[in-house]
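Read off the chains here:
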Amino acid sequence: MNIRKILTLSKKEWLEIWRDRVYFTMAFIFPFVMMMVLGFGMSFDVEKMPFVIVDYDQSDLSREYSHKFISSRYFDYKGHLKKASDADELIAKADIRFLLVIPPEFSKNLKQGKPAQVQTQIDGQFTYRASMVKGYVSAITAHFNSELTQDWFAKKRGISKQELQAMLAPVTLQTHYLYNNELKSIWSTGTGMIMLVMLVAPAMLAALGVVREKESGSIFNIYASTVTPAEFITGKILPYILISYINISILSLAAVLLFEAPFKGELSLLMVSNLLYVASAAAIGLVISTFVKSQAAAALIAMIGTMIPAMMYSGLMMPVASMAAEAKIEAHAFPAMYQLEILWGTYLKGQGWQELWPNLFVITGFLLLYWGVAVLRFHKRVKA
Amino acid sequence: MNWLWWRRIFALTQKELLQFSRDLILVVATIYFFTGEVYIAGKGVSLELVKAPIGYMDHDQSLASREWLNKLRPPYFDVKGQITEQSTALKLLDSSQLLGVIDIPPNFQRDLLNGRPTEIGFQLDGSNVVLGNLANSYTGLANAYFNQEWMLKQMKVTPAQALEVPRVDVRQMILFNPEGNNAWFMSISEMMTVMTMLSLFLTAAIVVKEKERGTIEQLSIAPLTPLQILLPKILAVELILLCGIALSIFVVLLPVFKVPFQGSFFLFFLVSAVYVYAVSGLGLFIATISKNLAQVMIISILLLMPIILLSGAFTPPEAMPEWEQALIWLSPLYYYINMGYGIILKGSGLEIIWQNLLALFALGTVLFLFGIRQFKKQFGA
């Protein structure tokens, strides 16, 4: 490999990118916009679920019970309805997400010490949100029940409420969220987006860079020159690594400044791993470019080939530990998972070289692997 | 608009379809998007708490503490075992081998018996917010059940007498998707996202390809109006994508995920056709501002992102910040998602979705006229 040849090739590539102003501007705007939109847009916070109440009982007790829902910050009370069937259309149109029905005789049953049945109807469209609503409803009801039981015993056995409380101290569960104290989804998804965006963008840019030359025919100059495949691939990739490294640095900073995520770990580790990660992402793009002939196909395949592993198999949406066996294999076969561990490790968990150095190793391994495949697949002879 | 007019349209549509069918990779990619991608989305992501690995530090080792731990049940939790040191717990949490660690204080049972309030600590990995939320909610519930049972036991209420205690039972009904099958939601969502992406990209790509190769000049000197040049392209995209969505529904959604298709197929295809029309206007616009396919791709994705995120495909409108809620009506996908879920899962008919359909049609027409105008300007026809 001749360093001068590589640098000349890189310079040529850089000039080409620089002169296509739309492409050049997009190369910088695209990752940033993608990260902003995804980071701010994908929220898993479950709050303000719109709901209505149908209260057939209209008693003090039923009002007390409903009030627990109305005052909860998780729910957004939209009013009372006369009949449960009135809610059908509201649910079908997704104006409300659930309906609470309190039956007649609710307070009568409770006052006689009998169970009373209330009913909820939850919109199951967003499965995760439906199960959260279910959980909140059960928790609110359980809380209401223990108050009921206390009142009941106080009355039945003639003990005062204070005495009773002394006998029946409840266990409180104190949850401490590690790494993300307020459970802000933007801290996790926002920093995770760096991994997603910077796998997709470099791969796509690099793939288009080579295929553009194939389409316009200028690649024949390379075929006819003395440049070896290894030199070509390396020279081609360098400008994209440079652009992507600037991008990933901007995004890493944006996570702290705009998403207000904390940074607790070692910065030097992140800076090194960012470089290796964008390089391996660009190398994926080069591998793709050796398979396709048209820019459209290159862009599509680069999208599919990077977006899916980064979104589905990196641990961003579900932890690798609870994946099915095939999904686990796919997760380990891409650098995305390792980079996500580094990102969450350095931003949220306060980790550094000591814990995360093996990940760097693996990402470097991927980089060499992709680079090798691209070099091997790049033929200077056109297939007849 | 006579017979000749329509024949020209027909001939050009045929040409577009032929051209598409000869780009093998594009065909394969399209088929893949409608089948493989939808399949992976349905299969791959689970937003449920399944066998979450939980460890515990039981400093009390009493009957009560064991009873409490017993409340953490499968399928939600997988209780791994006892940890003695806090440092080990942190290490296991750091390396994501455990999702959470329960910390039961010493004298837990004694305090409970003496009526002193006790506190159980729960260290929970919050880096995955979905799991964090779910795990917290389920453990909170387990704790509530424990309290209820403990209270009854303390008051020496036997199970038979327990019936004599007032209690609210909640019968929770999850509508449209009673088993909480996440695959339905994800696969339908993905299918619609694929529709959006391809109707944007294919339309733009078909037009720009002609620009790149210069064949657009041939078309513009032919006796054709801009509408006659563009309409066949959009018709071709319509046909390709409706076939694609049929593929998705009949090959993936129904047989693999057993999605219960409640509404009418005809209505769904009609809505999809209107949707492709609406988005293709944007595609035309992209084609007029870009010079080559690389630019098309990048601009498509840039436009695609806000369309998808504002649509409520990932986050329902009520959970968005207010400025975002004010913008959702701009996303054509918002209407499509509403109608699509309505028809497929809720069995909505035209009488429920007509407002959405009308809004989508209106938005589409605006985009379409805008696209054609840009095109006319560029080619001066």
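Quantities reported herein were computed from a predicted structural model and do not represent experimental measurements.

S.K.: Please provide a residue-by-residue account of the overall build of chain A, values included.
M.R.: Looking only at helices and strands, chain A features 15 helices and five strands. In terms of C-alpha radius of gyration, chain A reaches 29 Å, well past the compact-globule figure of 21 Å for 384 residues. In terms of overall dimensions, chain A has C-alpha extents of about 100 × 50 × 40 Å along its principal axes. Split into buried and exposed, the 384 residues of chain A put 60% on the buried side. For chain A, restricting intrachain contacts to residue pairs at least 6 apart in sequence, the fraction spanning at least 24 positions comes to 80%. Surface exposure of chain A reaches about 15,600 Å², of which carbon and sulfur atoms provide 62%. Where the 36 positive side-chain charges of chain A centre and where its 29 negative ones centre are 7 Å apart.

S.K.: Could you give an account of the pattern of salt bridges, with specific residues and numbers?
M.R.: Between side chains of opposite charge, a pair can form when the charged atoms approach closely. All names here are of chain A. Enumeration over the complete set of coordinates arrives at 19 salt bridges over all chains. A salt bridge links Lys12 to Glu16; the nearest nitrogen and oxygen atoms lie 3.3 Å apart. Here Glu16 and Lys12 lie together in helix H1 (residues 3–19), a separation of four residues that amounts to about one turn. Under the relative-accessibility criterion, Lys12 is labelled partly exposed at 29%. Put simply, Glu147 and Lys68 hold a salt bridge, and the shortest N to O gap is 3.6 Å. Residue Glu147 is found in helix H6 (residues 127–156), and its partner Lys68 is found in helix H3 (residues 60–70); the two are separated by 79 residues along the sequence. According to the relative accessible area criterion, Glu147 is partly exposed, its value standing at 29%.

S.K.: Give me the lowdown on the packing of helix H8 (residues 185–216) of chain A against helix H10 (residues 229–257) of chain A, citing residues and values where you can.
M.R.: Residue and element names in this part refer to chain A. Contact geometry for H8 and H10: axes closest at 10 Å, N-to-C directions at 155°. For the element pair H8 / H10, the angle class is roughly antiparallel. Judged by the sense of rotation from one axis to the other, the crossing of H8 with H10 is right-handed. Touching Thr191, Ile194, Val197, Met198, Pro202, Leu205, Ala206, Gly209, Val210, Arg212 and Glu213 of H8 are Phe232, Lys236, Tyr240, Ser244, Asn247, Ile248, Leu251, Ser252 and Ala255, all from H10. Here the residues of the contact of H8 with H10 sort into 12 nonpolar, five polar and three charged.

S.K.: Please set out the sheet that holds strand S4 (residues 118–125) of chain B residue by residue, giving values where relevant.
M.R.: Here we have five strands laid out as an open sheet, ordered S5(A)-S4(B)-S3(B)-S1(B)-S2(B), and mixed in their pairing. Edge positions in the sheet fall to strand S5 (171–178) of chain A together with strand S2 (77–82) of chain B, since each of these pairs with one other strand and no more. Across the sheet, the mean angle from the axis of one strand to that of its neighbour is 25°, orientation sign disregarded. Two elements, strand S1 (residues 52–58) of chain B and S2(B), share five bridges in a ladder whose sense is parallel. If you follow Tyr56(B) over to S2(B), its bridge partner there is Gln82(B). Together, S5 of chain A together with S1, strand S3 (100–104) and S4 of chain B form the strand contacts of helix H4 (residues 86–94) of chain B, whose direction differs from that of S4(B) by roughly 35°.

S.K.: Tell me what's going on with the domain arrangement of chain A, and back it up with residues and numbers.
M.R.: For chain A, the domain assignment lists domain 1 (3–43 + 184–377) and domain 2 (49–167). One C-alpha centre belongs to domain 1 of chain A, the other to domain 2 of chain A; they are set 50 Å apart.

S.K.: So what's going on with the nonpolar core? Which residues, and what values?
M.R.: Counting 205 residues, the largest nonpolar core has Met35(A), Met204(A), Phe232(A), Phe268(B) and Tyr336(B) as its most contacted members. Among the elements that take part in this core, helix H8 (residues 182–213) of chain B stands out by supplying 19 residues, more than any other. Formed by 58 residues, the second largest nonpolar core is a distinct cluster that contains Tyr136(A), Ile140(A), Leu148(A) and Leu99(B).

S.K.: So, the sheet that holds strand S4 (residues 115–123) of chain A: which residues are in play, and what are the values?
M.R.: The strand order S2(A)-S1(A)-S3(A)-S4(A)-S5(B) describes an open sheet built from five strands, whose pairing is mixed. What marks the edges here is a single partner per strand, and that holds for strand S2 (75–81) of chain A together with strand S5 (167–175) of chain B. Neighbour to neighbour, the strand axes of the sheet diverge by 25° on average, direction disregarded. Pairing analysis gives four bridges linking strand S3 (residues 98–102) of chain A to S4(A), with the strands arranged antiparallel. Note on S4(A): the bridge partner recorded for Phe98(A) is Ile122(A). Sheet strands touched by H3(A): strand S1 (49–55), S2, S3 and S4 of chain A together with S5 of chain B. Its angle to S1(A), the strand with the most contacts, is close to 175°.

S.K.: How would you sum up the packing of aromatic side chains? Please name residues and give values.
M.R.: Residues and elements named next belong to chain A. This structure, assessed with the given rule, holds 37 aromatic pairs over all chains. Ring plane angle 35° and centroid distance 5.6 Å describe the contact between Tyr65 and Phe106, whose orientation is recorded as tilted. With Tyr65 in helix H3 and Phe106 in helix H5 (residues 106–111), the pair connects residues that are 41 residues apart, well separated along the chain. Of the residues examined, Tyr65 reaches a relative accessible area of 0% and is grouped as buried. Note on Phe106: relative accessible area 0%, which makes it buried. Centre to centre, the rings of Phe75 and Tyr136 are 6.1 Å apart; their planes meet at 80°, and the pair counts as edge-to-face.

S.K.: Let's hear about the side chain of Ser107(A): which residues, and what values?
M.R.: All names here are of chain A. Along the chain, the position of Ser107 falls in helix H5. According to the relative accessible area criterion, Ser107 is buried, its value standing at 9%. Setting aside residues up to four positions removed in sequence, Ser107 forms contacts with Asp57, Ser59 and Leu61.

S.K.: Outline empty space enclosed by the protein, listing residues and values.
M.R.: Per the stated rule, a full pass over the model turns up six cavities of 30 Å³ or more. Taken as a whole, the largest cavity holds about 440 Å³ of empty space. Met307(A), Met311(A), Glu37(B), Glu190(B) and Thr193(B) are, among the 25 residues lining the largest cavity, the residues nearest its centre. The class makeup of the residues in the lining of the largest cavity is 21 nonpolar, two polar and two charged.

S.K.: A description of the interface of chain A and chain B should follow, citing residues and the corresponding values.
M.R.: Listed per partner, the contact involves 115 residues of chain A and 106 residues of chain B. Carbon and sulfur atoms supply 66% of the area buried between chain A and chain B, which totals about 10,100 Å² over both sides. The largest share of the area that chain A buries against chain B comes from Gln125(A), Val171(A) and Leu173(A), three residues that together contribute 7% of it. Here chain A is connected to chain B by one salt bridge. The partner of Asp123(A) in a salt bridge is Lys346(B), with the nearest N and O atoms 3.3 Å apart.

Definitions and cut-offs
Residues numbered from 1 in each chain as written. Chains lettered and ligands numbered in written order. Predicted model: local features only at pLDDT ≥ 70, side-chain atom pairs only at ≥ 80, totals over all residues. Heavy atoms only, no water. Helix = DSSP H or I, 4+ residues; strand = E, 2+ residues; numbered from the N terminus. Rg over C-alpha atoms; globule rule 2.2 N^0.38 Å. Buried < 20%, exposed > 50% of the residue type's maximum accessible area, 1.4 Å probe, protein only. Contact = heavy atoms within 4.5 Å. Areas by Shrake-Rupley, 256 points an atom, 1.4 Å probe, with all protein chains shown as cover. Lys, Arg positive; Asp, Glu negative; His and termini not counted. Charge placed at Lys NZ, Arg CZ, Asp CG, Glu CD. Salt bridge = Lys/Arg side-chain N within 4 Å of Asp/Glu carboxyl O. Axes fitted to C-alpha atoms, helices over the stretch in contact; angles between N-to-C directions. Parallel < 35°, antiparallel > 145°, perpendicular 65-115°, else oblique. Left-handed = near helix turned anticlockwise from the far one by under 90°. Nonpolar A, V, L, I, M, F, W, Y, C, P; charged D, E, K, R; others polar. Pairing = 2+ DSSP bridges. Domains from an automatic or database assignment. Core = buried A, V, L, I, M, F, W, Y, C linked by side-chain atoms within 4.5 Å. Phe/Tyr/Trp six-rings, centres within 6.5 Å; stacked < 30°, edge-to-face > 60°. 1 Å grid on protein atoms, 1.4 Å probe; cavity = no way out; pocket = protein on both sides within 12 Å on 5 of 7 lines; lining within 4 Å. Points joined across faces, edges and corners; volume = space filled by probe spheres on them. Buried area = accessible area lost by both parts, 1.4 Å probe.

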